[in-house]
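Summary of the model geometry
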Protein chains: 2
Amino acid sequence: MNKRELQRQQTRATILTAADHIYAAHGFIRPSTQMIAKEAGVAHGTVFLHFQSQEKLILAVIEHLGMALTAQIHEASEPGHSLSDILRTHLDAIEASEALYTHLILDLPQLPEEAQQTVIGIQSVIAHHMDQVIGQLKKEKKIKDLSFSFLFTTWIGLIHYYLMNRRLFAPHGSVLAFYKDQLIANFIKLLEVDCK
Amino acid sequence: MNKRELQRQQTRATILTAADHIYAAHGFIRPSTQMIAKEAGVAHGTVFLHFQSQEKLILAVIEHLGMALTAQIHEASEPGHSLSDILRTHLDAIEASEALYTHLILDLPQLPEEAQQTVIGIQSVIAHHMDQVIGQLKKEKKIKDLSFSFLFTTWIGLIHYYLMNRRLFAPHGSVLAFYKDQLIANFIKLLEVDCK
DNA sequence: ATAGTCAGTGAGTGAGGAGTCATTATATGA
DNA sequence: TCATATAATGACTCCTCACTCACTGACTAT
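Here the structure is a predicted model, which is why all the values come from computation and not from measurement. (Residues numbered from 1 in each chain as written. Chains lettered and ligands numbered in written order. Predicted model: local features only at pLDDT ≥ 70, side-chain atom pairs only at ≥ 80, totals over all residues. Heavy atoms only, no water.)

1. Brief notes about the protein's contact with DNA strand D
We count it as follows: Residues are counted as near a molecule or strand when any one of their heavy atoms sits within 4 Å of it. Any pair of nitrogen or oxygen atoms within 3.5 Å is treated as a polar contact; in protein, a donor-acceptor pairing is required on top of that, and neighbouring residues in sequence qualify only through side-chain atoms on both sides. In DSSP terms, a helix is any run of H or I states spanning at least four residues, a strand is any run of E spanning at least two, and both are numbered starting from the N terminus. As a working rule, the residues Ala, Val, Leu, Ile, Met, Phe, Trp, Tyr, Cys and Pro are called nonpolar, Asp, Glu, Lys and Arg charged, and the rest polar, with Gly in that last group.
Within the structure, DNA strand D sits among 21 residues, and Arg 4 and Gln 54 of chain A together with Thr 11, Thr 46 and His 50 of chain B are positioned closest to it. Restricting the count to atoms of DNA strand D within 4 Å of the protein gives a sugar and phosphate share of 63%. Within the side chain of Thr 11 of chain B, one N or O atom sits 2.4 Å away from a phosphate oxygen of DNA strand D. Of all elements in the fold, only α1 (3-26) and α3 (44-50) of chain A together with α1 (3-26) and α3 (44-50) of chain B reach the threshold of two or more residues within the surface near DNA strand D. Of the residues assigned to the surface near DNA strand D, the class counts are five nonpolar, twelve polar and four charged.

Put into structure tokens, the structure is as follows:
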């Protein structure tokens with residue numbers, strides 16, 4: 001490994017991290033490549049030396065987020081987990097990149113096709129794990145007989161709603177850190193068949 | 001009423017309608033004032049003759065949407081409505097401006113403070129009606145004992161999720177037209193206390 | 001030691017967008 | 001009828017931004 005090559009890869013990583021921070025703070029659309037160069041402490045041109053275009057840079061950041069999330073979810077998933085465990089794993093993973101994930105969801109329609117594929121990939125992973133447990137609980141008649149896709153979209157919709165309104169729900173700090181337990185408990189209560 | 005004044009108001013209305021169409025199709029952020037002028041069939045400068053700035057124009061369009069939605073919800077609301085009636089009224093109102101409403105939700109963080117107030121206003125109206133009926137059903141022990149705010153955010157989250165992914169759920173046409181009945185039925189089933 | 005290579009630089013370019021203003025065309029009021 | 005007022009115009013200005021390229025200087029291979 002060259003000293004030169006090492007330096008090169010280090011600079012690339014610096015830019016990627018800077019972009020990560022900037023996009024997490026301001027979303028993917030507003031920030032300019034100038035701003036990212038400044039944050040990374042490199043010349044404007046250097047950004048384009050490492051990433052062909054702004055679009056490619058954005059996609060690299062999103063790809064990186066996707067990998068981090070799916071890895072974390074897989075890692076924390078063990079057979080025999082309860083529904084509560086699965087939901088908590090999901091929220092823990094998102095919480096670790098809460099700001100960036102939220103902007104990904106919000107800016108998605110304005111981002112290139114590849115970004116949408118990444119989001120679909122992330123959701124497939126969590127959907128798979130949820131489906132396993134929910135299928136079992138349905139057989140045991142412990143939760144309501146509603147289609148999995150409806151239950152899944154209800155859960156994702158709820159989480160995304162909290163994330164999108166994070167400034168409203170938790171002006172300082174993480175919404176999920178604040179509401180995680182409550183969200184999981186309430187959602188499970190909603191699914192349960194309860195005869196008093 | 002002057003002929004001149006009439007013409008003036010007509011031009012203003014033309015621009016507002018054009019902006020409505022353009023924003024519904026492309027969101028509030030991307031389209032240029034040039035594009036709206038072209039759609040309205042007026043000169044670029046004319047837009048600024050009627051609206052001080054792009055921001056004021058956007059706010060006027062959003063204000064107009066807010067009025068339309070709240071008016072429609074109030075109009076269709078009668079005392080003695082069932083939960084299903086309330087939810088349907090809500091979805092009917094949104095469906096009438098589905099594309100514009102969806103972009104309002106998506107672009108909200110990038111829009112001025114006033115826009116957020118408008119959205120809060122709309123949601124207050126529907127929340128008020130829902131709260132009436134749900135409070136009653138809770139007393140009758142017909143639905144689960146969960147906080148109203150949780151049930152409300154679950155409902156809004158679900159609807160917004162479908163709207164935000166409308167291209168996925170219903171590539172051509174309205175998501176709500178397609179899924180309205182199913183969404184209402186499933187959501188009510190979720191709330192119900194069902195003892196078999 | 002030295003020629004060659006290449007990561008990094010930053011002023012420069014062209015595209016596009018918001019908002020302005022001198023000018024034009026038309027309606028109004030005396 | 002004619003002077004005045006004003007709705008409308010669109011070329012123009014100023015600005016920001018993504019991306020380029022001639023150049024620099026540190027590193028490498030001989």
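After that view, the rundown keeps rolling.
2. A few points about the UniProt feature "domain: HTH tetR-type" (unreviewed entry) in chain A
What counts is decided by this rule: UniProt positions are given in the numbering used here, feature names are shortened, and annotations may be inferred rather than shown by experiment.
According to UniProt, the feature "domain: HTH tetR-type" (unreviewed entry) maps to residues 9-69 of chain A in the numbering used here. End C-alpha to end C-alpha, residues 9-69 of chain A measures 23 Å, and it is 80% helix and 0% strand.

3. Looking at the relation of the copies chain A and chain B
Just so we agree on the cut-off: When the copies are superposed, the least-squares fit draws on C-alpha atoms of residues that have pLDDT of at least 70 in both. In what follows, a contact means two residues having at least one pair of non-hydrogen atoms within 4.5 Å.
Least-squares fitting of chain A to chain B yields an RMSD of 0.1 Å, with the transformation described by 0.0 Å of translation along the axis and a rotation of 180°. Both copies are brought into coincidence by an operation consistent with a two-fold rotation axis. Interface residue correspondence from chain A to chain B reaches 100%, placing this contact among same-surface, isologous pairings.

4. Concerning the interface of chain A and chain B
What counts is decided by this rule: Here the buried area means the combined drop in accessible surface, using a 1.4 Å probe, for two parts upon being joined, counting both sides.
Of the residues lining the interface, 36 residues belong to chain A; the matching set on chain B comes to 36 residues. It is Phe 150, Tyr 161 and Leu 190 of chain A in chain A that bury the most area against chain B; as a group they hold 21% of the surface buried on that side. Our count for the contact surface shared by chain A and chain B stands at twelve residue pairs in polar contact (both at pLDDT 80 or more). When residues of the side of chain A that touches chain B are traced back to their parent elements, those giving at least two are α6 (98-107), α7 (113-139), α8 (148-164), α9 (166-169) and α10 (175-191) of chain A. The element best represented in the side of chain A that touches chain B is α8 of chain A, accounting for eleven residues.

5. Structural notes on the protein's contact with DNA strand C
The local shell around DNA strand C holds 21 residues, among which Arg 4, Thr 11, Thr 46 and His 50 of chain A together with Gln 54 of chain B are the closest. The sugar-phosphate backbone supplies 65% of the atoms of DNA strand C found within 4 Å of the protein. For DNA strand C, a phosphate oxygen lies 2.6 Å from a polar atom in the side chain of His 50 of chain A. Within the backbone of Lys 3 of chain B, one N or O atom sits 2.9 Å away from a phosphate oxygen of DNA strand C. Split into classes, the residues belonging to the surface near DNA strand C amount to five nonpolar, twelve polar and four charged.

6. Re the pattern of salt bridges
Residues and elements named next belong to chain A. Rule in force here: A carboxyl oxygen of Asp or Glu within 4 Å of a side-chain nitrogen of Lys or Arg is what we treat as a salt bridge. Only protein chains enter the area calculation, which uses a 1.4 Å probe; residues under 20% of their type maximum are buried, those over 50% are exposed, and those in between are partly exposed.
Overall, the coordinates contain ten salt bridges over all chains when judged by the stated rule. The closest approach of N and O atoms between Lys 180 and Asp 92, which form a salt bridge, is 2.6 Å. Taken together, the residues Lys 180 in helix α10 and Asp 92 in helix α5 (residues 83-96) connect sequence positions 88 residues apart. Residue class for Lys 180 comes out buried when judged on its relative accessible area of 11%. By relative accessible area, Asp 92 is classed as partly exposed at 31%. The shortest N-O distance in the salt bridge between Lys 180 and Glu 95 comes to 2.6 Å. Of the two residues, Lys 180 sits in helix α10 while Glu 95 sits in helix α5, which places them 85 residues apart along the sequence. In this structure Glu 95 comes out as partly exposed when scored by relative accessible area, which is 26%. Ionic contacts of the salt-bridge type, sharing partners, join the residues Asp 92, Glu 95 and Lys 180 into one network.

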